Amino acid sequence: GENVEQHPSTLSVQEGDSAVIKCTYSDSASNYFPWYKQELGKRPQLIIDIRSNVGEKKDQRIAVTLNKTAKHFSLHITETQPEDSAVYFCAASKGRGSTLGRLYFGRGTQLTVWP
Amino acid sequence: EAGVAQSPRYKIIEKRQSVAFWCNPISGHATLYWYQQILGQGPKLLIQFQNNGVVDDSQLPKDRFSAERLKGVDSTLKIQPAKLEDSAVYLCASSLDRGYEQFFGPGTRLTVL
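The structure reproduced in this document is the subject of the present report.

About the cut-offs
- Numbering of residues begins from 1 in every chain and follows the order in which that chain's sequence is written.
- To read the labels, note that chains go from A and ligands from 1, taken in the order they are written.
- The predicted nature of this model means local features are confined to residues of pLDDT at least 70 and side-chain atom pairs, given and counted, to a pLDDT of 80 or more, with totals for whole chains, interfaces and linings taken over all residues.
- To obtain the side-chain values, all non-hydrogen atoms of the structure were used and water was disregarded.
- Note on definitions: a residue-residue contact is assigned when non-hydrogen atoms from the two residues lie within 4.5 Å.
- Two parts lose some accessible area (1.4 Å probe) when they are put together, and adding that loss for both gives the buried area.
- Here, a salt bridge means any Lys or Arg side-chain nitrogen found within 4 Å of an Asp or Glu carboxyl oxygen.
- Pairs of N or O atoms are called polar contacts if they sit within 3.5 Å, as long as, within protein, a hydrogen donor faces a hydrogen acceptor (for residues adjacent in sequence, only side-chain-to-side-chain pairs).
- The way it works is that DSSP assigns letters per residue, a run of H or I at least four long becomes a helix, a run of E at least two long becomes a strand, and they are numbered from the N terminus.
- In this count, Pro and Cys sit with the nonpolar residues alongside Ala, Val, Leu, Ile, Met, Phe, Trp and Tyr, while Asp, Glu, Lys and Arg are called charged and the others, Gly among them, polar.
- By disulfide we mean two sulfur atoms from cysteines, separated by a distance within 2.5 Å.
- Exposed residues in this analysis have more than 50% of their type's maximum accessible area, buried residues have under 20%, and partly exposed residues fall in between, with area computed by a 1.4 Å probe over protein chains only.

### Thoughts on the interface of chain B and chain A
Across the boundary between the two partners, chain B contributes 23 residues, which contact 19 residues of chain A. Counting the surface lost from both chain B and chain A, the interface buries some 1700 Å², and carbon and sulfur atoms represent 46% of this. With a closest N to O distance of 2.8 Å, Asp 56 of chain B and Arg 102 of chain A form a salt bridge. Summed over the shared surface of chain B and chain A, the number is 9 residue pairs in polar contact (both at pLDDT 80 or more). Put simply, the parts of the chain that give the side of chain B that touches chain A at least two residues each are strand S4 (31–37), strand S5 (44–50) and strand S6 (53–56) of chain B. Considering every element that reaches the side of chain B that touches chain A, the biggest residue donor is S4 of chain B, with 3 residues. Of the residues that constitute the side of chain B that touches chain A, the class distribution is 9 nonpolar, 10 polar and 4 charged.

### Overview of the state of the cysteines
Residues and elements named next belong to chain A. Inspection of the entire model under this criterion finds 2 disulfides over all chains. Here Cys 23 engages in a disulfide with Cys 90; their sulfurs sit 1.9 Å apart. Judged by the torsion about the S-S bond (-100 degrees), the Cys 23/Cys 90 disulfide is left-handed. Of the two residues, Cys 23 sits in strand S3 (residues 19–25) while Cys 90 sits in strand S9 (residues 86–94), which places them 67 residues apart along the sequence. Overall, the relative accessible area of 1% leaves Cys 23 in the buried class.

Structure (structure tokens):
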């Protein structure tokens, strides 16, 4: 199966600074990589995703990069704000086969943005 | 559009008791997922339905967990008998089809004493 490793487990930054969270995956057949934000006691919500035919994707202050050769992808948040504080999960999924649609999640990164 | 609904939101039971969770996906979504999220970890898929059929239940502990999705809409997940290690948040998610964006419900927090 797939194994997704996520680092760091906790990250503290000052408001306005950038935050970077990194994930690696093991299965070269994985081709879809979403990032979820989960605030305390709430449901995970998709914030950005990338497919393996693209190297980078941006959405305002959030960007994701993918290196297929090295099997790693990263989440970049610029100009962080206190409301960015949450747990962020990376995930990987395959585009075909019996496990199509199954998301393999990392263990999460607790991001804290200090005012 | 209305999101994924789950009930109950919280449940406390004693070990060896049984419990059931209910999920109503987003209207028109063919694929429904049940995940288990243990404190401090990412969600782990238990079972995936496509309409009313099971397409992936390889990580479901079938000796105690069961799930169904009658009529291809609502779904129930049951645990019988519960163990202490089943304490977790059970998340339901749905997507338009397999491989599409997954939308999560608020989850059911289960505590087994």
